[in-house]
Amino acid sequence: MKKDMFRLDGKIVVITGAAGFLGRMHSEAVASFGGIPILIDLEQSNVDDLANELNEKYNVTSCGYSVDITNEQNIKDNVKLITKDFGQIDCLINNAANNPKMEDDGQVNFSRLENFTLEAWNKDVSIGLTGTFLCAKYYGFQISKNPNGGSIVNISSDLGLIAPDQRLYAKKNVDLHLQPVKPVTYSVIKSGLIGLTRYLSTYWIDQNVRCNAICPGGVENGQPSDFLNEVSLRIPMKRLAKSHEYQGTLVWMLSDASSYLNGAIVPVDGGRTAW
Ligand SMILES: NC(=O)c1ccc[n+]([C@@H]2O[C@H](COP(=O)([O-])OP(=O)(O)OC[C@H]3O[C@@H](n4cnc5c(N)ncnc54)[C@H](O)[C@@H]3O)[C@@H](O)[C@H]2O)c1
């Protein structure tokens, strides 16, 4: 058995939504296993700050680029820039997503299906699905040009596998039209990413490009205790994830340790979808 099969030394790993809550954890995981995280997000200053942090802490040559993944030309230009700066791309983590608030205006709640605007639908889909398609099209194609291919990881969700339990978000003594819900786009996008994963897992397999998906459960991040108690009842492990608990699965999927893993949809959810 190769001891270093989990190492990512020298691998150029593009991470979308890198400056977000989990994107930062993905980036650290890559850097700590010797990979070179290429940080993609909307604000240049956010990815610059993270790149500096990672370079200092892990002695890597991480670099950040401001790219809007809904903009095809932006992505095309970025692939050229990365290949000029780093020579190639080995891996892609499709992690970026829109994170809309479950808002109300005192009259209606906009996350509810009957109030959900076409504008909100289009915005969510343009990032979560169309943006991911564009990243696969350009970064993925670049990976397919490597003699040894590479690995694509899509970040779906446990809610790509099961329906949201809307009772979890319900507020006491609030009329139905004001009750917040998990928006329809979340389920549709996360299920769509599972289809995209299967598609990509066969598409460039002759070029050795593998593609797998992680379906993370929710992460503990200062939610109210009522919510945490309720959601814990639905999870065999009786808790949400800590933010570092997807790093191991991610490194495994990116590295040679998973060399025969392809088209896998892996729930990492404390067993929530097993019930
Ligand atoms: N946090 C959780 O509990 C959880 C659970 C399951 C799945 N996920 C999934 O994990 C991923 C990361 O979640 P998170 O909690 O870190 O979200 P987040 O909102 O903190 O991060 C998302 C990042 O994507 C970036 N982004 C948005 N639009 C973009 C665009 N057009 N171009 C480039 N970047 C863009 C944002 O700027 C942000 O930094 C998402 O796909 C999310 O659905 C999260």
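Just so we're clear, the structure is a prediction, and the values are computed from it rather than from any experiment.

**Student:** Please explain the pairing of strand E4 (residues 91-94) as it appears in this structure.
**Tutor:** Two faces belong to every sheet, and in a regular strand the side chains alternate between them. Of the two faces of E4, the one holding Cys91 and Ile93 and the one holding Leu92 and Asn94 are both buried throughout. Sheet analysis places strand E1 (residues 12-16) next to E4, joined by three bridges and oriented parallel. Bridging across to E4, isoleucine 15 finds its partner in isoleucine 93. Across four bridges, E4 lies against strand E5 (residues 150-155) in parallel orientation.

**Student:** Could you clarify how one ought to interpret the site of the ligand in this entry?
**Tutor:** Taken together, 25 residues form the shell around the ligand, and within it Leu22, Asp41, Asp68, Asn95 and Lys190 come nearest. Within the backbone of leucine 22, an N or O atom sits 2.7 Å from an oxygen atom of the ligand. At 2.6 Å from an oxygen atom of the ligand is found a side-chain nitrogen or oxygen belonging to aspartate 41. In the complex, the protein chains occlude 84% of the 830 Å² of accessible area that the ligand would expose alone. Every element with two or more residues in the shell around the ligand is listed here: helix H1 (21-32) and helix H5 (184-203). In the shell around the ligand, the residues fall into 13 nonpolar, nine polar and three charged.

**Student:** I tried to follow the environment of alanine 18 on my own but got confused; where do I start?
**Tutor:** Here alanine 18 is to be found in the loop between E1 and H1. A C-alpha to C-alpha distance of 15 Å links alanine 18 and isoleucine 75, two positions 57 residues apart in sequence. Other than its neighbours up to four places away in sequence, alanine 18 contacts Gly23, Arg24, Ser27, Leu39, Ile40, Asp41 and Leu50.

**Student:** Got a minute to help me understand the nonpolar core in this structure?
**Tutor:** It is characteristic of soluble globular proteins that their nonpolar side chains tend to be buried jointly. Counting 31 residues, the largest nonpolar core has Leu39, Ile93 and Leu254 as its most contacted members. Looking at this core, the elements that each hand over two or more residues are E1, H1, helix H2 (44-58), E4, E5, helix H7 (247-254) and strand E7 (265-268). Excluding anything up to four places from it in sequence, leucine 254 contacts Leu8, Lys11, Val13, Val30, Cys91, Ile93, Ser151, Val153 and Arg210. One finds Val67, Ile152, Ile189 and Val209 within the second-largest nonpolar core, a separate group that totals 30 residues.

**Student:** Can you walk me through a nonpolar patch on the surface in this structure?
**Tutor:** A cluster of nonpolar side chains, Leu118, Trp121 and Val188, forms an exposed patch at the surface whose accessible area comes to about 270 Å². Position of valine 188 among the secondary structure elements: in helix H5. Residue valine 188 is classed as partly exposed on the basis of its relative accessible area of 33%.

**Student:** Could you clarify how one ought to interpret helix H3 (residues 72-86) in this entry?
**Tutor:** What sets the pattern is the α-helix's 3.6 residues per turn: residues three or four places apart point alike. For H3, spanning 15 residues, the distance from its first C-alpha to its last is 21 Å, which sits close to the expected 21 Å at 1.5 Å a residue. Ile75, Asn78, Val79 and Ile82 are the residues of H3 that are buried. Down the axis, H3 shows its buried residues gathered within 105° of arc, on one side only. Exposed residues pointing more than 90 degrees away from the buried face of H3 are listed as Lys80 and Lys84. Close packing links the buried residues of H3 with E1, strand E2 (36-41), strand E3 (63-66) and helix H4 (118-144). Regarding H3, its N-cap is asparagine 71, as a side-chain oxygen of that residue lies 3.1 Å from the backbone nitrogen of glutamine 73 further along. Downstream of H3 by a residue or two, glycine 87 has a phi angle that is positive, lying close to 90°.

**Student:** How do you make sense of the packing of H4 against H5 when you look at a structure like this?
**Tutor:** It is at 10 Å that the axes of H4 and H5 come closest, and there the two elements cross at 15°. In terms of orientation, H4 and H5 fall into the roughly parallel class. The hand of the H4/H5 crossing is right-handed. Residue-level inspection shows Trp121, Asp124, Val125, Gly128, Leu129, Thr132, Phe133 and Ala136 of H4 in contact with H5, the latter providing Val184, Thr185, Val188, Ile189, Gly192, Leu193, Leu196 and Leu200.

**Student:** Looking at this model, I keep getting lost on unusual backbone geometry. Mind explaining?
**Tutor:** In most cases, non-glycine residues show a negative phi, while peptide bonds are predominantly trans. Even without being a glycine, asparagine 173 presents a positive backbone phi close to 55°. Residue classification places asparagine 173 among the exposed residues on the basis of a relative accessible area of 83%. In this model, lysine 238 sits at a positive phi of 60°, which is unusual for a non-glycine residue. Relative to the elements of secondary structure, lysine 238 occurs in the loop between helix H6 (225-232) and H7. The class of lysine 238 is exposed, set by a relative accessible area of 63%.

**Student:** I'm lost on the sheet that holds E5 in this one. Help?
**Tutor:** Two strands in a sheet stick together by hydrogen bonds in their backbones, pointing the same way (parallel) or opposite ways (antiparallel). One open sheet holds the seven strands; their spatial order is E3-E2-E1-E4-E5-E6-E7, and the pairing between them is parallel. The sheet is open, and its two edges are formed by E3 and E7, each paired on a single side. Within this sheet the neighbouring strands show an average axis-to-axis angle of 20°, counted without direction. Together, E1, E2, E4, E5 and strand E6 (209-216) form the strand contacts of H4, whose direction differs from that of E4 by roughly 170°. Strands E5, E6 and E7 of the sheet are contacted by H5, whose axis makes an angle of about 160° with E6.

Analysis parameters
- Residues numbered from 1 in each chain as written.
- Predicted model: local features only at pLDDT ≥ 70, side-chain atom pairs only at ≥ 80, totals over all residues.
- Heavy atoms only, no water.
- Buried < 20%, exposed > 50% of the residue type's maximum accessible area, 1.4 Å probe, protein only.
- Helix = DSSP H or I, 4+ residues; strand = E, 2+ residues; numbered from the N terminus.
- Pairing = 2+ DSSP bridges.
- Near = heavy atom within 4 Å.
- Polar contact = N/O pair within 3.5 Å; in protein donor to acceptor, adjacent residues only side chain to side chain.
- Areas by Shrake-Rupley, 256 points an atom, 1.4 Å probe, with all protein chains shown as cover.
- Nonpolar A, V, L, I, M, F, W, Y, C, P; charged D, E, K, R; others polar.
- Contact = heavy atoms within 4.5 Å.
- Core = buried A, V, L, I, M, F, W, Y, C linked by side-chain atoms within 4.5 Å.
- Patch = residues over 30% accessible without salt bridge, like charges linked within 9 Å, V, L, I, M, F, W, Y side chains within 5 Å.
- Salt bridge = Lys/Arg side-chain N within 4 Å of Asp/Glu carboxyl O.
- Expected span 1.5 Å × (residues − 1).
- Arc of directions from axis to C-beta.
- Axes fitted to C-alpha atoms, helices over the stretch in contact; angles between N-to-C directions.
- Parallel < 35°, antiparallel > 145°, perpendicular 65-115°, else oblique.
- Left-handed = near helix turned anticlockwise from the far one by under 90°.

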